[in-house]
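As a plain string of letters, each chain reads:
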Amino acid sequence: MNNPLPRQNHEEKKDCDLDTTRHARLVESKGPANLPRGRARRNWKMRHFQQPLLPKILRADSFAGSMLQFVAMVSVISCMLPTSVATSLTAFDPRNGPAMGGFPVTMIGETLGFDADARIGGTVCQSTNWVNNRQLTCMIAPGINIAAPVVATVSVEELGAVYIIPLDAEVQFSYDKAKIFDVAPYNGAGIGSDTIMLGGKNFGVYDKTPSGRVGFTAAMSTNWVSDSFMTVLNADSPVAEMATVVTLAFAVETRPSSFSYDQHSLVRLSPTNSRTGGGVSMTIEGQNFGKTDHSPHVQMGSTTCMATAWLSDSFVLCKLPANTESGVPVIVTNMGVVKIFSGAFSYNDPFVTSFVPSNIALSGGERVLITGYNFGGSEYDPRAARFGDTSCVETIWTSDTSVSCVAQRGYASDLEVAFTVAQVINKADGFQYNKPQIQDLVSSNGPASGSAEIFINGNSFGVYELTPQAWVGDTACMKTAWVADSTVLCKVPSVTYDKWFHGATKNVQLVLGAEVNVWEDSFTYDMACVGPCVIGLGCSSSSGARGCNGKTGGDYRHTEMSKAVRYDNFEGENILRILGNFTLTGGDVTTGNTTNNITRFVTEQIFNGDVSIIFGDLFTCEPIIPDRNAWSTVESYLDCYMPAGVGYGHEIKVTIRNATYKALLDGCDIEMKKWGENIWPPPPAPGGQKFGNCFLPDSLADEFKPADSIGLTFTYNAPKVTSIEPSTGPNMRGQTANITIFGTDFGGKARDVWGSRCLRPPLNTLPACKQLFENGIGLANDTCKEMDLQVSGKRGDTILADVLEKKLAYCRSQHTYMIQCLHAFFDSSLNICTERCDFPWFGCGRNCPEDQLRCQTPLLGGKQKVGMVIGGLTSEADSTFVYEPPEVEVVFPPELPAGSSSLLTVTGRNFGGYLAMEYGGRVFDGDDLLREYDSAIIPFNTSSVRWWDWAQYQTCFSGATESDTESDEVVNLRGEDRKCDQGVVYSSKIEIMSTVSGGVPLDRMVVQSPSLIFDQGTVVKFVDVIAQSIAQRSPVDPIGARVSFRAPCSNVNPKLGDLIIPFYMGNPNPVWTSRSSFTAISNVDNKIWIMGGATQTQAEKDEVFVSGFNGVGGWQRNFLDLLWWSSRVNASAVVFQDTMFLAGGFSPVNRTCYNDVWVYAHSPETQAYYSLPDTPTPSLARDDTFQPFWIRVMRNAPWPPRRRAVLLVFLNKVWLMGGQRCNGDWTYDLWSSTDMRDWKIEDRNAAWRGRNEIFGTVHENRMYVVGSVQNQFYNTFYTEDGKQWQQLPNSCAVTKVTVQALITFRRYLILFTLGCHDTKDGNEPPVDCDHETAGRLENRMYYSRNGRFWTLSRKPYEVDQYQRAVHVQHSWSGARDGEYRWDYKVVVHLDTIFLIGGERRYAATDLQGNFFFDEDGEISFTVGKSRDIYVSKGPTPISKYCNDKKEGGLEYTDFQEKIEYTMATRQCVWYWTEQTISDATIEELDAQLADLMEL
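Within each chain, residue numbers correspond to sequence positions counted from 1 in written order. The predicted origin of the model limits local features to residues at a pLDDT of at least 70 and limits the giving and counting of side-chain atom pairs to 80 or more, whereas totals for whole chains, interfaces and linings rest on all residues. The basis for every side-chain value is the complete set of heavy atoms in the structure, and neither hydrogens nor water enter the calculation.

## With respect to the overall build of the protein
Scanning the protein from N- to C-terminus turns up 15 helices and 119 strands. Buried residues in the protein amount to 49% of all 1495 residues. Surface accessibility of the protein: about 68,800 Å² in total, with carbon and sulfur atoms responsible for 49%. Secondary structure elements follow DSSP: runs of H or I of four or more residues count as helices, runs of E of two or more count as strands, with numbering from the N terminus. Partly exposed describes any residue whose relative accessible area lies between the buried limit of under 20% and the exposed limit of over 50%, with all areas from a 1.4 Å probe on protein chains only and scaled to the type maximum. With residues, only the protein chains shown are counted as cover, and all accessible areas are computed by Shrake-Rupley using a 1.4 Å probe.

## Thoughts on the pairing of strand β78 (residues 903-909)
Within β78, five of the seven residues are buried, which leaves the element mostly enclosed by the surrounding structure. DSSP bridges decide pairing: two strands pair if at least two such bridges lie between them. Examined bridge by bridge, strand β76 (residues 887-892) and β78 share five bridges and lie antiparallel to one another. When the bridges of β78 are listed, Val890 appears paired with Thr907. In this structure, β78 lies alongside strand β84 (residues 1000-1008), joined through six bridges in antiparallel fashion. Residue Gly908 lies in a different strand from β84, and its bridge partner there is Asp1003.

## A short note on the nonpolar core
Here the nonpolar core consists of buried residues drawn from Ala, Val, Leu, Ile, Met, Phe, Trp, Tyr and Cys, with membership extended through side-chain atoms lying within 4.5 Å. Ile578, Ile613 and Phe615 are the most contacted members of the largest nonpolar core, which totals 103 residues. We call two residues in contact whenever any of their non-hydrogen atoms come within 4.5 Å of each other. Apart from residues lying up to four places away in sequence, Ile578 is in contact with Val534, Gly536, Leu537, Ile613, Phe615, Ser636, Tyr637, Leu638 and Cys640. Grouped together as the second largest cluster of nonpolar side chains are 37 residues, Ala1131, Leu1142, Val1157 and Tyr1160 included.

## Quick word on helix α9 (residues 796-805)
Of all the residues in α9, the buried ones are Gly796, Ile799, Leu800, Asp802 and Val803. Buried positions in α9, seen along its axis, are confined to an arc of 165° and lie on one side of it. This arc describes the spread of directions from the helix axis toward the C-beta atoms.

## Here's the deal with the sheet that holds strand β41 (residues 469-472)
Picture the strands of a sheet paired through backbone hydrogen bonds; they go either parallel or antiparallel. Taken in spatial order, the five strands make up an open sheet running β39-β47-β46-β41-β42, and their pairing is mixed. Only two strands of the sheet have a single partner each, and these edge strands are β39 (445-446) and β42 (475-476). Strand direction decides the pairing type here: β41 and strand β46 (residues 504-512), joined by four bridges, are antiparallel. What sits directly across from Gln469, in β46, is Val511.

## Regarding the sheet that holds strand β105 (residues 1262-1269)
Overall, antiparallel pairing links the four strands, which are arranged β104-β105-β106-β107 in an open sheet. The sheet terminates laterally at β104 (1252-1259) and β107 (1285-1287), the two strands that pair on one side only. When the angles between neighbouring strand axes are averaged without regard to direction, this sheet yields 25°. One ladder, built from three bridges, connects strand β106 (residues 1273-1279) with β107; its direction is antiparallel. When the sheet's bridge partners are listed, Phe1277 is paired in β107 with Gln1287. With axes taken as lines fitted to C-alpha atoms, and helix axes fitted only over the stretch in contact, angles between N-to-C directions fall between 0 and 180 degrees.

## Notes on helix α5 (residues 659-667)
The periodicity of an α-helix, 3.6 residues per turn, causes residues three or four places apart in sequence to face the same way. What α5 keeps buried is the set Ala659, Thr660, Tyr661, Ala663 and Leu664. Residues of α5 that are buried in the fold lie against β51 (587-592), β52 (597-602), β56 (650-657) and β57 (678-680).

## So, the packing of aromatic side chains
Between the rings of Phe, Tyr and Trp (Trp by its six-membered ring), a pair exists once the centres lie within 6.5 Å; its type follows the angle of the planes, with under 30 degrees stacked, over 60 edge-to-face, and the other angles tilted. Applying the stated rule across the entire model yields 32 aromatic pairs. Between Trp1199 and Trp1239, the aromatic rings sit 5.9 Å apart at their centres with planes inclined by 80°, giving edge-to-face as the arrangement. Of this pair, Trp1199 sits in the loop between β99 (1189-1194) and β100 (1206-1210) while Trp1239 sits in strand β103 (residues 1239-1243), placing them 40 residues apart in sequence. For the pair shown, Trp1199 and Trp1239 are each scored as buried. Between Phe1312 and Tyr1384 the ring centres are 6.5 Å apart and the planes differ by 75°, which places this aromatic pair in the edge-to-face class. In this pair, Phe1312 is assigned in strand β109 (residues 1308-1317) and Tyr1384 in the loop between β115 (1380-1382) and β116 (1385-1389), connecting sequence segments 72 residues apart. Taken together, Phe615, Phe619, Phe714, Tyr716 and Trp754 form an aromatic cluster joined through their ring pairs. The aromatic ring of Tyr1278 is capped on one face by Arg1262, whose charged end is 3.9 Å from the ring centroid. In this scheme, the term charge over a ring applies when either NZ of a lysine or CZ of an arginine sits within 6 Å of the ring centre and within 35 degrees of the ring normal.

## Quick word on the pattern of salt bridges
Counted as salt bridges are all cases of a side-chain nitrogen of Lys or Arg within 4 Å of a carboxyl oxygen of Asp or Glu. Across all of its chains, the model carries 40 salt bridges by this definition. Between Arg978 and Asp1024 there is a salt bridge, and its shortest N-O distance comes to 2.9 Å. You can see Arg978 sitting in the loop between α12 (962-966) and β82 (984-986) and its partner Asp1024 sitting in strand β85 (residues 1020-1029), a full 46 residues away along the chain. Pair check on accessibility: Arg978 and Asp1024 agree, each one buried.

## Details of the side chain of Asn1275
Along the chain, Asn1275 falls in strand β106. In this structure Asn1275 comes out as buried when scored by relative accessible area, which is 0%. Nitrogen and oxygen atoms within 3.5 Å of one another constitute a polar contact, given that in protein one can donate a hydrogen and the other can accept it, and given that sequence-neighbouring residues count only through two side-chain atoms. In this structure the side chain of Asn1275 is engaged in a polar contact, spanning 2.7 Å, whose partner is the side chain of Glu895.

## Some details on the environment of Gln126
Within the secondary structure, Gln126 sits in the loop between β5 (123-124) and β6 (127-132). The class of Gln126 is partly exposed, set by a relative accessible area of 42%. When the C-alpha atoms of Gln126 and Gly101 are compared, they prove to be 8.9 Å apart, with 25 residues separating the residues in sequence. Setting aside residues no more than four positions away along its own chain, Gln126 makes contact with Gly102, Met139, Ile140, Ala141 and Pro142.

## Let's talk about the state of the cysteines
When two cysteine sulfur atoms lie within 2.5 Å, the pair is treated as a disulfide. Going through the model one piece at a time under the given rule, you end up with 15 disulfides. Two residues share a disulfide in this structure: Cys305 and Cys318, whose sulfurs sit 1.8 Å from each other. One disulfide, between Cys305 and Cys318, carries an S-S torsion of -90° and so falls in the left-handed class. Pair noted here: Cys305 is in the loop between β24 (303-304) and β25 (307-310) and Cys318 is in strand β26 (residues 315-319), with a separation of 13 residues, a long-range link. Of the residues examined, Cys305 reaches a relative accessible area of 7% and is grouped as buried. Note on Cys318: relative accessible area 0%, which makes it buried.

## Examining the confidence of the model for the protein
On average, the protein scores 80 in pLDDT, and the residues at 70 or more come to 84%. Looking at any residue, its pLDDT shows the predictor's confidence there, from 0 to 100. With pLDDT under 50 throughout, residues 540-547 is counted as low confidence; its partners more than four residues away or in other chains account for 20 contacts. In the predicted structure, residues 962-973 sits below a pLDDT of 50 and forms 22 contacts with residues beyond four places in sequence or in another chain.

## Some points on the pairing of strand β111 (residues 1338-1344)
Counted residue by residue, β111 has seven buried out of seven residues, so it is predominantly covered. Sheet topology places β109 next to β111; seven bridges connect them, and they run antiparallel. In the strand pairing of β111, Phe1312 is matched with Met1341. Note: β111 against strand β112 (residues 1351-1354), two bridges, orientation antiparallel. Bridging across to β112, Tyr1343 finds its partner in Thr1351. Here β111 folds back onto β112 in antiparallel fashion, the turn holding six residues, of which Gly1347 has a positive phi close to 80°.

## Topic: a negative patch on the surface
Surface patches are drawn from residues lacking salt bridges whose relative accessible area is over 30%; two like charges belong together within 9 Å, two nonpolar side chains (Val, Leu, Ile, Met, Phe, Trp, Tyr) within 5 Å. Two residue types count as positive, namely Lys and Arg, and two as negative, namely Asp and Glu; His and chain ends fall outside the count. Positions of charges follow a simple convention, taking NZ of Lys, CZ of Arg, CG of Asp or CD of Glu. On the surface, a cluster of negative charge is contributed by Asp1414, Glu1415, Asp1416 and Glu1418. Locating Asp1416 in the fold gives a position in the loop between β117 (1392-1403) and β118 (1421-1432).

## Structural notes on unusual backbone geometry
Looking along the chain, the bond that leaves Glu725 and enters Pro726 is cis, with omega of -10°. Looking at the secondary structure, you find Pro726 in the loop between β62 (720-725) and β63 (728-729). A positive phi angle, close to 65°, is found at Ser460, a residue other than glycine. Topologically, Ser460 is positioned in the loop between β40 (453-459) and β41. With a phi angle near 70°, Asp1183 is a residue other than glycine that sits in the positive phi range. Within the fold, Asp1183 resides in the loop between α13 (1164-1170) and β99. Take Asp1183: its relative accessible area is 74%, and that puts it in the exposed class.

Have a look at this one:
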């Protein structure tokens, strides 16, 4: 069908054809008459639209979606309209209506087609009625109040096609707006949750989700009911009156002021009162505060709460502000509504609880802190404080609980403290101004005559005159005067007495108003008497004490102390006050003569020199001249300067010169004397002269008069010991400590001033001079209150000798004897006095301190109290000197056979001494006691010193516990904790002596050991040796102080082994002379060196011989043009880091042991390292650049001089151990060095201590030491680090033999010995040579793989005429029985054992080789030195040596072959020196040895 539309229009609408799937397709029809009508028509039309007509993104389930869907449909349809049809709507009525719908709306237009549909917005009309081509009607569907466009479509037929054409209308239809006519209820609680019913219209015919609010607050929920009714659930709100608002489909309907909330109300407060400081929380209970926090505001009167918190609709919280008011209104503002609780709250009244201080000085000015409650919350609150009726100068608020007040001056007690806050007063009692308080007096003593002015010092005497009254005892002061708040003057009243007044101590009281203060026993009346008299002593300090100021050093102002002042700057003071009356009758005296005279009052005065004082007829006390001549204390006391002195009981003698006597003589002038007739003094007094007619004394006796006395004496201070330095020291003879004793009043200056005088007559008989030498220092186990030096001399010099000779002092209070320290009073070796001048004869004297003494402590021990006697007075205090406890360093022998007892040598320190012999005079004759104590030395009860026999040195033997023996470390157990279960030996059975070891002083005791019997199977038991001295015991030392009691070594003797150590002659006559005690070593040059030694004719040599390469031949002497080490024997040598060193040794000629070290500088590098600036160097031949020579590395090494020391190389160090000192003692120290120049002591008492004959070697990464125990048996020790040594368990090594050498060769330790062996026992055990089955003394060898199990090697064999092997001696030992060798050297060189030289016992022969015989027909033996060399390849199995033929040994032809090979003169002596032991053979031997040990 042709398109009726113009092309142009077609082109214009080409965009509509872009997507045909989005366009509706019209179905051909026969004409409009055939189209259905009404709903059927619409259905028909919709069936002919393809489904994709509307975009999928549009949703019709929403209003917006419906609108967009509609617009899209219109747009699509418009693309399909024919352009020649013109349609439109021109009128629309009515244009609004109720939301319920259901009413018609008429639409007027042009060309409306033949069918139509209409919508209001997105809502289809309930029905659309096409009336005609110009009119349509739409039945409005229910809707909501929104303006919506009116949309309609009509069906138009053109050219046989039906088109749906949208009508374009520019009108809108609106539903009527919702209206609220009524609200119920009209008010509610502020918390909301009320259901408010709204009546009106146009709410819609269905629920369109309206929203409501009350005022500005959205409703909790809105519920649509009908078009005319809905409900709202309101929320809480802070606004009182509210409008009701409903929003429905974007339209808002408001009902102003239609609802109101109830106002809040106040019910009660809790609490209703509080402290004024605020900070307390108050709860306000009420209603309608809101369901949520609307920030209520609370005020307490005019003051806002510190914080306000909403709690709920019924409660609000207020943090109270500080305030002081009562009846405070509470104002609560919530949501703009103000409510007032009038007079509902009150702040508490002030309350005073305390005040500090509760009393103050009368001067006031002190700040008093008043504490309590409710003092107000700020410093601006009106407040005031007062004490009694007097207001404070200043009141400062601090807090609600405290204020401070500055008090004014006042005077009263029991005052009330009144504090006012906001016109409210609170009072507390108990405040007072201080009562008068006496603190001290100036002075505290005075004469009995009174009138002395004393100042009463204290406080609270008043800041103004309060008319005080002072009393002394029961008598008011002659005068009382207020001076200041702290001082009152009292003029002391007098006391009455007859001849003697011995003084009295009185109370001093001060009355101030109603207050009385008493200071008990505070003022002392001095002693007094009717003169002339002396009644007592007092202190110049007026403290009221008696006999004070008795310092032994004296006063620097005394004339006797002038040298001490001049040379020593002595400033000591010692003023003594003598109480008494130093006047005679006194009165008016007429002086002159009858024509020229004057009458005046005279009395004795100190400043006139009328009084002199002397103590003990020796010590003069020089009166102090008063500063003012106007007044003297001569009627009550005088003060004088004391000289240095010591002692006690010195009688005081005071002499007064008669003032009247002197005035009469002085009143007769020179002119009167010239012409007089009278002679004065009258005969028979010598020296008389003529006087004029003068008034003269009656007699000479009137000039001086001794003062009456009640027997008063003076005593210097007793010494006082404060400390001792050192406070501990050794307890060894000659080594005890020199101690310095510190303290006071040691009398040094007195001995300097008076010492020489008191040794000469006539003073030496004075008691004071005798006491000058009664000095001593004693040590005892208890404090001594009174020490008696037991002096019996009659003069000072004899007493001095007596004291110096005495060793004992006697302590009377404890009946204990004290041993005197060798004191320094007159001993120049210990004296710490110094000469003041270079030469004593200058007479400057010595400066001897008063606070120091030095003495040498005696041999004693324990903890001792140090007491001192100076001038016969014992020290007031003492200090303790502690002797060092005993220490046992080594016990020799360290091992003993079980069942035997031996003398033990116990060496250590601080063993003490035999006190009874040292100090008590005990005398022995051998073991017999001749005298127990010397009665002259010990005149008192001898039983009091018998404790010495128990307390002095003794030896305790204590069985070691299992725990002691399990550890290899030294366990320092307390000796005090151990029982002496193995016995105690007391000093009477012990010999004690002093010794020196390595320059260190030691003690040595010789004591008999206990004897231990073993149970069967026990191998060893240990006993600790504990030394005791004065209750002090040595600590337990499981190494040094332990004795091992071992089962007899015969029970564990070595077995006879299956190895033999054959030797052969290497060189019978080397170039060097026969010798012994030499040093031999295999050097790095593959040569053997022999150095020093003793020959047959010379006791010592300094020769050096060097072998050829093989060590057997090629010997020659080493000559150098330089001096080297001196001649010596038994030196030690070692090769270390390819360098040879020589050390120590002994000179028999000079009886000197050496500790020097020498190095053989075989290279320039060695020379450069060890040379010193003064080291001499050899002269070099032409073209020579270096020549080896000896350099002395050290002249005196730190280790003590010795011989036979062992030098070993181990762990890249040289170790020096053992050795013998010149006195024959064996050393037990262990030293190490990395360069032979710097030595370090590793152990001063090594594990092998107590052994002698020390041998050492290095074997399989261990260093071994074998040592002898009293030549009974040898122990074996080893170490893997050089420091921690272990003794092989139960190792006797060898016994009853003497070891000559120890070497390590291949895998064996080999001992070379000399001894006797049992010839009847198949194992040939060693026995004493006097044993009934003992063989001859012979050389034998033992070997061991580990040093614990030793095996005796077999002797060499030779075959007799019956072809049977028989024992023979080692060839190097001798050819026949009775010959043997000792003091030889064994060297391992080039994997070969070399046995060189030594001493040898051999059968003597004549030139023809005939033996000499003794008188018994026995071959005669002689002793001489050797120079032969024997060599060996070490242990060899017996199977490789000549055996008995019947035992499968060698055939006869084999013997003959070997005889021919060796050209020997005896059968079977070829020693297989070229045959070595294979490893397989050694392993076999090890297995055999293990099997043997297991058996």
